[in-house]
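Residue-level structure breakdown
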Amino acid sequence: MNLGSPDSTEVKDVKRYLDQFLMDERVIDKPYLSRALLVKGIIVPFRAPKSAEAYKTIWTKDGSPLIYLSEQLRDELQKLTPEPVEISMRYGNPTPEAAFENLLRRLPGLEEVLAIPLYPHYAMSSFETAVEYARETHRKKKYPFKLNFLQPYYNDPDYIAALADRMFPYIQKDYDHILFSYHGVPARHIMKSDITGNHCLRSADCCQAPSPAHAFCYRHQCFETTRLVTEKLGIPKEKFSISFQSRLGKGWLEPFTDVRLEQMPKEGIKNLLVLFPAFVSDCLETLEEIAIRGKESFIEAGGKTYEMIPCLNTHPLWVSALSKWIRAFK
């Protein structure tokens, strides 16, 4: 299960996609009427045309990069597992219902489905909403098979190994700094996911202090992924940092990626590598927001070289990790 994409770059399709995405109560966690007024009355009408233009800059002959890369991942994984593999999206197509129906056609006696949310880290606006959407579909359609979910794998050694291997060729080049850009979330989402009710964002070192809250803390898990992969590659602490991109409104996790890209050249960082561990497939947020607009901001601010490290996509170690997790689940 991945995030999803509009069916085309037409404004009407982008509007439909944004409406479904932003009306999700786990994305914009406001009461329904307030959310509807904000989304349908303000955000979607103004944002859809701009988003449609942004999608056009990355759209390919195969359609949305996120969709076709997910399809390629499905095909590569299918080579390593005898069980049928299908993909679905949280928003847009293909839906969980379409995936479940395809699985039943391929395996009429289906007894159990393992759903794999393609989000390494837990967040209510990504992992949680994908899980709940699949569960709701499963419940409403009264499917006879059991539905299980793979849990977040932000610190799994095989995920870290795949991420490190993806990074390795790039860090052999001359660079000043590596920016780990994670998708942003509102700080209140971190607080809401705190199962202890008194840990997350309560102190400067909350993500380092041991706590049961970390099992559901997106911020901690982002820090942990960064720590593990940089230690594995032997990257010194002064050579990397973390930021959060794609903010929508105030009160989101900081520092902001777009702000840091403008600040770094002034701090002497002229040669930059950027990667996105929260995304396993390249998409609008990586290919347009950061690879195009982010690069422009960095270079205009005085940077010299700027290189985006691609997402895992169909990296062999990533496909192998998924196959291994499936076998272990059985």
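Parameters at a glance
Residues numbered from 1 in each chain as written. Predicted model: local features only at pLDDT ≥ 70, side-chain atom pairs only at ≥ 80, totals over all residues. Heavy atoms only, no water. Helix = DSSP H or I, 4+ residues; strand = E, 2+ residues; numbered from the N terminus. Rg over C-alpha atoms; globule rule 2.2 N^0.38 Å. Buried < 20%, exposed > 50% of the residue type's maximum accessible area, 1.4 Å probe, protein only. Contact = heavy atoms within 4.5 Å. Pairing = 2+ DSSP bridges. Right-handed = clockwise from strand over helix to strand, strands pointing away. 1 Å grid on protein atoms, 1.4 Å probe; cavity = no way out; pocket = protein on both sides within 12 Å on 5 of 7 lines; lining within 4 Å. Points joined across faces, edges and corners; volume = space filled by probe spheres on them. Nonpolar A, V, L, I, M, F, W, Y, C, P; charged D, E, K, R; others polar. Salt bridge = Lys/Arg side-chain N within 4 Å of Asp/Glu carboxyl O. Core = buried A, V, L, I, M, F, W, Y, C linked by side-chain atoms within 4.5 Å.

Describing the overall build of the chain
Along its length, the chain carries 11 helices and eight strands. Computed over C-alpha atoms, the radius of gyration of the chain comes to 20 Å, within 12% of the 20 Å expected from 2.2 N^0.38 for 330 residues, which places it in the range of a compact globule. Here the C-alpha coordinates of the chain stretch approximately 60 × 50 × 45 Å along the principal axes. A total of 330 residues make up the chain; the buried ones form 54% of that total. Considering only residue pairs separated by 6 or more positions, the chain has 71% of its internal contacts joining residues 24 or more positions apart.

Section: the pairing of strand β8 (residues 305-308)
Regular strands have side chains that alternate between both faces of the sheet. A one-sided burial pattern is seen for β8, the buried positions being Tyr306 and Met308 and the unburied ones Thr305 and Glu307. Note that strand β7 (residues 271-275) and β8 share four bridges and pair parallel. By the bridge assignment, valine 274 is partnered in β8 with methionine 308. Viewed along the sheet, the connection from β7 through helix α10 (residues 284-300) into β8 turns out right-handed.

Some thoughts on unusual backbone geometry
Omega for the peptide link from asparagine 93 to proline 94 comes to -5 degrees, which places this bond in the cis form. Tracing the chain through its elements places proline 94 in the loop between β2 (89-92) and α4 (96-106). Following glutamate 254, the chain continues to proline 255 via a peptide bond in cis, the omega torsion being 0 degrees. Among the secondary structure elements, proline 255 is positioned in the loop between β6 (240-245) and α9 (257-263).

Let's talk about the layout of surface pockets
What the second largest pocket holds in volume is close to 690 Å³. In terms of residue class, the lining of the second largest pocket is made up of 22 nonpolar, three polar and six charged.

As for empty space enclosed by the protein
Within the structure shown, the criterion is met by two cavities of 30 Å³ or more. Lining the largest cavity are Tyr159, Leu163, Arg166, Leu275, Phe276, Pro277, Phe279, Val280, Ile309, Pro310, Cys311 and Leu312. With three residues, the top contributor of residues to the lining of the largest cavity is helix α6 (residues 157-171). The residue makeup of the lining of the largest cavity, split by class, is 11 nonpolar, no polar and one charged.

Remarks on the pattern of salt bridges
Enumeration over the complete set of coordinates arrives at 24 salt bridges. Here arginine 90 ties to aspartate 24 by a salt bridge, and the two come within 3.1 Å at their closest N and O atoms. With arginine 90 in strand β2 and aspartate 24 in the loop between α1 (11-22) and α2 (32-58), this pair connects stretches of sequence that are 66 residues apart. With a relative accessible area of 10%, arginine 90 lands in the buried category. Between aspartate 62 and lysine 61 there is a salt bridge, with the nearest N and O atoms lying 3.5 Å from each other. Among the residues examined, lysine 61 registers a relative accessible area of 79% and is labelled exposed.

A look at the nonpolar core
Core analysis: the largest hydrophobic core is formed by 52 residues, its most contacted members being Leu22 and Leu272. Considering each element in turn, this core owes the most residues, nine residues, to α2. Aside from chain neighbours lying at most four places away, what touches leucine 22 is Val27, Ile28, Arg35, Val39, Ile43, Val44 and Leu248. Membership of the second largest hydrophobic core comes to 47 residues, among which are Leu73, Val85, Tyr182 and Cys206.

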